[in-house]
Amino acid sequence: MADLGPVPEETPNVGATGTVGAGRAIDDAEQAELSVRGMHCAACVSRVERALAGVPGVLEASVNLVDARASLSVSAGGFDPARAVAAVLDAGYEAELRERGGDVIADAAASAEDEDTAREHEYRALIRKVWIGALLTIPIVLIGHAEMIPGLMDLADASLRPLLVLSGLLTVPIMTWVGGGFFTRAWSQLRRGESTMDTLIALGTGSAFLYSVAVLTMPGVFPPGTAHPFFEAAAVVITLVLLGQALEARARGRTSRALRSLLELRPERALRIEGGVEVEVDVADLVVGDVVRVRPGDRVPVDGVVVEGLSAVDESLVTGESNPVAKAPGDEVIGGTVNREGSFELRALRVGSDTVLARIVEQVRAAQGSKPPIQRLADRIAGVFVPAVVAVALLAGLVWLTVGPDPRLNYAVVVAVAVLVISCPCALGLATPISVMIGIGKAAEHGILIRNGAALERARAVDVVVLDKTGTITVGEPEVVAVTPTEGVTEAELLAAAAPLEARSEHPIAQAILAESNARSLPRAAVSEFTNVPGQGVEGVVDGARVVVGTEAFLAGHGVELVDATSVVGELAGRGMTPVIVARDGGVLGVIAVSDRLGPDAAAAVARLRAGGRHVVMLTGDHPAAATAVAQRVGITAVHARVRPDEKAAKIRELQDAGRVVAMVGDGVNDAPALAQADVGIAIGSGTDVAVEAADVTLLGDSLMGVANALELSESTLRNVRQNLFGAFIYNVLAIPVAAGVLFPFFGVLLSPMVAGAAMAFSSVTVVTNANRLRSWQPS
């Protein structure tokens, strides 16, 4: 088959997440969560992370500004939650431990309700202060610009003095109550030698206020023309910053809608059948083995198996599959899905935290709290941002005081205050986590579970997608289409030799052979000395004879002479079938041909991946001719067949060594090593637990379109993150020099502290608004 073609420039392999303490071993670690209140910027996040990282027993600490949550990996038995809470309190913030119960969904719902309550309380408190601040600020601004008001502009300075004193008195409650939090937090941080956005606001507004008080009380000490107060600057800045925080808090509440939608999928009540009578009970009271009635229009309360009745179940909100799925006795149903038609009874198989929905909720919550590597840059900048801004403000003020025009002191104060209040570390802190939260939540809405932010970032760079064949490109439900025994052997004898061994394998091909044997009601002999080699075959002793079932290479490795089977194997494989050879005591009994249907949108998904500029490769343990036939039908030109599981991982490594960023898509135990080796492992949700555990991304449905959707959403999310980071960086890069007065010599433009405060307040709102655009994302 065709080669992959020229290798593009090497794409760097993204490293670990940017959480504090990530260098320490976290194997066998337990998880803990804290609610943290009072954070407003990236510097706050870094401060809390450092505080938690110093707590004994904490191996890793990741703090999310958006949902005010600290996720901790802690050593079992060596962690004291009280010390973690105390560390956060000592850092100047409020914290409390989030208790975990036995029901993930109930815990998440309670946590979400607590978050909503806390956020609504925060919003109302901020808005109340904004209104009071605005009412006090209006007369302060009017007095500060009295020279522009008819009737007041002709008053002498002595006549304006009482108004200026009133302005100062009105500013006091703004400084002490409306914006008092800035000063208390800044003082707490100063005592510890640290700084955040609160430090900038407190320094800027505090300087303007103290300067204005000095002007009123000691006007004679100031040079002529400089004794002008700036009460309006302090009042307007504090009020606008609080308004920005209020709008930001309200907008942040929309980022977790996807998770709340998942929580709402599970009903609160269920109809349990007790002694033939339907009894309404809480879903939390259901246990494994309970029989539950599900009526048309009801949501399925728990994972179970249908024991009576026929229906069609809408699984779209859980798996992303759009069409209702027919259900009959023996079929499994997923909790949270909707029964569209007939009534049926199910027997509970998984309840509480063991259900599919609970695992989805847990993974989405964990992923939304994680950090992609791209945030490391913002975290590093946040660590030095505030001290650097203070230094720039002092330098700018000194320059204006030294070489600026008269009145120099006034200009120096205005410039220094403007630099302090226009700088915005809060936008840096929000830029990444808010987009990651929305992106991962949006993925869950489309049946895609992303393990963490790092996987989301790596997926963007994927340029090669490697697909397993059985269960990935095909539907994973093969059936026997031909039984070709050698001369002197009957079909029944051939199947009876293979079926006892295949009964012990979970591979779809093995299950197909077993189903054919059962359909013919063939007896099944006892097996001993059973061995299963994933991706190659099985062997064991059946009725005293050693039987080997599998690929040509597997049987050849066991010394079986394959001359009698070679022509049949080639013919069947050339027709797209998978040939399975059966030998007994070294002699070939015959060949069983198995065929699988292509996934309904496999060809379209491959075309979409290739249209996105990605190479698509098939990696399978199947016969080369069979693999080639399937590849041609879906448009794949690069095929590697007869590849053992350990060789699959080696093939992935070869591509990575050539500079490729590889996504591996598979569903079986034999795919697990390759999934783990790949830059991004993508497991089909209907696959084995081993495959899902090894993957970075899990598709809840069986459609390969989910692969294209996951990669496309990753690109959209990272593009949104970059837009946010660019906006936050470019804002500060441009705003700080303008506030420092670089435009004044050329255009006579000098930024007012009030304008600077408004710009800072709304920069965060802009970042949040841009991130929320992701909520409208749909697959192309």
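None of the values given here were measured: they were computed from a predicted structure.

1. A look at the sheet that holds strand β7 (residues 291–294)
The strands making up a sheet associate through backbone hydrogen bonding, with each pair oriented either parallel or antiparallel.
No. 1: Strand order in the open sheet formed by six strands is β6-β5-β7-β13-β8-β11, with antiparallel pairing between adjacent strands. Unpaired on one side and paired on the other, β6 (277–282) and β11 (332–333) mark the two borders of the sheet.
No. 2: Both strand β5 (residues 269–274) and β7 contribute to a ladder of two bridges, which runs antiparallel. Within β7, the residue paired with R272 across the bridge is V292.

2. A closer look at the nonpolar core
No. 1: Core analysis: the biggest nonpolar cluster contains 94 residues, and L34, M39, L52 and L72 have the highest contact counts within it.
No. 2: Take this core: its biggest share by element is ten residues, from helix α12 (residues 408–422).
No. 3: Every residue in contact with M39, bar those within four places of it in the chain, is listed here: C44, V45, V48, V63, N64, L65, A68 and Y93.

3. Here we look at a nonpolar patch on the surface
No. 1: Where nonpolar side chains cluster on the molecular surface, the patch consists of F726, I730, V733 and L734 and spans about 390 Å² of accessible area.
No. 2: Within the secondary structure, L734 sits in helix α26 (residues 705–740).
No. 3: The exposure class of L734 is exposed, given its relative accessible area of 52%.

4. Quick word on unusual backbone geometry
No. 1: Residue P407 is reached from D406 by a cis peptide bond, and omega for that bond is -5°.
No. 2: Among the structural elements, P407 can be located in the loop between α11 (375–403) and α12.
No. 3: Even without a glycine there, the phi angle at D543 is positive, about 55°.
No. 4: Following the sequence through the fold, D543 ends up in the loop between β18 (537–542) and β19 (545–550).
No. 5: The exposure class of D543 is exposed, given its relative accessible area of 69%.
No. 6: Not every positive phi belongs to a glycine, and R642 is a case in point at roughly 50°.
No. 7: With respect to the element layout, R642 can be found in the loop between β23 (638–640) and α23 (645–657).

5. Description of the confidence of the model for the protein
No. 1: When pLDDT is averaged across the protein, the result is 81; 87% of the residues are at 70 or more.
No. 2: The low-confidence segment residues 1–28 (pLDDT under 50) makes 58 contacts with residues lying over four places distant or belonging to another chain.

6. Some points on the pairing of strand β8 (residues 303–308)
Each regular strand carries side chains that alternate between the two faces of the sheet.
No. 1: Relative to strand β13 (residues 344–350), β8 is paired through five bridges, and the arrangement is antiparallel. Directly across from V306, in β13, lies its bridge partner L346.
No. 2: As paired elements, β8 and β11 share two bridges and run antiparallel to each other. Along β11, the bridge assignment pairs V305 with E332.

7. Regarding helix α18 (residues 508–519)
No. 1: Its twelve residues give α18 an end-to-end C-alpha distance of 16 Å, which sits within 8% of 16 Å, the value for a rise of 1.5 Å per residue.
No. 2: Turning to α18, its buried residues number three or more, namely I509, A510, A512, I513, L514 and S517.

8. Some details on the pattern of salt bridges
No. 1: Evaluation of the coordinates by the stated rule reveals 28 salt bridges.
No. 2: The closest approach of N and O atoms between D696 and R458, which form a salt bridge, is 3.2 Å. You can see D696 sitting in the loop between α25 (689–694) and β26 (697–699) and its partner R458 sitting in helix α15 (residues 453–460), a full 238 residues away along the chain. The same class applies to D696 and to R458, which are both buried.
No. 3: A salt bridge links R584 to E493, with the nearest nitrogen and oxygen atoms 2.7 Å apart. Separated by 91 residues along the polypeptide, R584 in strand β20 (residues 578–584) and E493 in helix α17 (residues 491–502) bring together distant segments of the chain.
No. 4: A residue is classified by how much of its surface remains accessible, and R584, at 30% relative accessible area, is partly exposed.

9. Comments concerning the layout of surface pockets
No. 1: In this model, the second largest pocket occupies a volume close to 770 Å³.
No. 2: Listed by contribution, the elements that provide at least two residues to the lining of the second largest pocket are β1 (30–37), β4 (94–97), α3 (104–144), α5 (180–191) and α7 (231–252).
No. 3: Of the residues assigned to the lining of the second largest pocket, the class counts are twelve nonpolar, nine polar and twelve charged.

10. Things to note about helix α6 (residues 197–217)
No. 1: In this model, α6 (21 residues) spans 30 Å end to end at C-alpha, consistent with the 30 Å of a helix rising 1.5 Å per residue.
No. 2: Burial runs high along α6: 16 of the 21 residues are buried.

11. Digging into the packing of α17 against α18
No. 1: Here α17 crosses α18 at 130°, and the two axes come no closer than 9 Å. Relative to α18, the element α17 lies oblique. Where α17 crosses over α18, the handedness of that crossing is left-handed. Of the residues in α18, those touching α17 at L495, A498, A499 and E502 are A510, Q511, I513, L514, E516 and S517.
No. 2: Residues of the contact of α17 with α18, tallied by class, amount to six nonpolar, two polar and two charged.

12. Let's talk about the side chain of T199
No. 1: Considering the arrangement of structural elements, one finds T199 in helix α6.
No. 2: You can call T199 buried: its relative accessible area is 13%.
No. 3: When sequence neighbours within four positions are dropped, the list of residues in contact with T199 reads A186, Q189, E194 and V386.

13. Regarding the packing of aromatic side chains
No. 1: A full pass over the atoms with the stated rule returns five aromatic pairs.
No. 2: Ring geometry for W400 against F744: centres 5.1 Å apart, planes inclined by 70°, an arrangement best described as edge-to-face. Highlighted residues: W400 in helix α11 and F744 in helix α27 (residues 744–747), separated in sequence by 344 residues.
No. 3: An aromatic cluster is built from W400, Y411 and F744, whose rings are joined through pairwise contacts.
No. 4: Residue placement shows K129 over the ring face of W177; its charged tip is 5.4 Å from the ring centre.

14. Notes on the pairing of strand β2 (residues 58–64)
No. 1: Within β2, seven of the seven residues are buried, which leaves it mostly tucked inside the rest of the structure.
No. 2: The sheet contact formed by β2 and strand β3 (residues 69–74) spans six bridges and is antiparallel. In the strand pairing of β3, E60 is matched with S73.
No. 3: Linking two consecutive strands that pair antiparallel, namely β2 and β3, is a turn of four residues; a positive phi of about 50° is found at A68 within it.

15. A word on the side chain of N724
No. 1: The residue N724 is located in helix α26 in this model.
No. 2: N724 gets classed as buried once you look at its relative accessible area, which sits at 2%.

16. What about the environment of E94?
No. 1: Summarising the element assignment, E94 is placed in strand β4.
No. 2: A residue is classified by how much of its surface remains accessible, and E94, at 48% relative accessible area, is partly exposed.
No. 3: Note: C-alpha distance between E94 and V36 (58 residues apart in sequence) is 5.6 Å.
No. 4: When residues no more than four places from it in sequence are discounted, the contact partners of E94 are S35, V36, R37, V88 and L89.

Criteria and cut-off values
Residues numbered from 1 in each chain as written. Predicted model: local features only at pLDDT ≥ 70, side-chain atom pairs only at ≥ 80, totals over all residues. Heavy atoms only, no water. Pairing = 2+ DSSP bridges. Helix = DSSP H or I, 4+ residues; strand = E, 2+ residues; numbered from the N terminus. Core = buried A, V, L, I, M, F, W, Y, C linked by side-chain atoms within 4.5 Å. Buried < 20%, exposed > 50% of the residue type's maximum accessible area, 1.4 Å probe, protein only. Contact = heavy atoms within 4.5 Å. Patch = residues over 30% accessible without salt bridge, like charges linked within 9 Å, V, L, I, M, F, W, Y side chains within 5 Å. Areas by Shrake-Rupley, 256 points an atom, 1.4 Å probe, with all protein chains shown as cover. Salt bridge = Lys/Arg side-chain N within 4 Å of Asp/Glu carboxyl O. pLDDT = per-residue confidence, 0-100. Expected span 1.5 Å × (residues − 1). 1 Å grid on protein atoms, 1.4 Å probe; cavity = no way out; pocket = protein on both sides within 12 Å on 5 of 7 lines; lining within 4 Å. Points joined across faces, edges and corners; volume = space filled by probe spheres on them. Nonpolar A, V, L, I, M, F, W, Y, C, P; charged D, E, K, R; others polar. Axes fitted to C-alpha atoms, helices over the stretch in contact; angles between N-to-C directions. Parallel < 35°, antiparallel > 145°, perpendicular 65-115°, else oblique. Left-handed = near helix turned anticlockwise from the far one by under 90°. Phe/Tyr/Trp six-rings, centres within 6.5 Å; stacked < 30°, edge-to-face > 60°. Lys NZ or Arg CZ within 6 Å of the ring centre and 35° of its normal.

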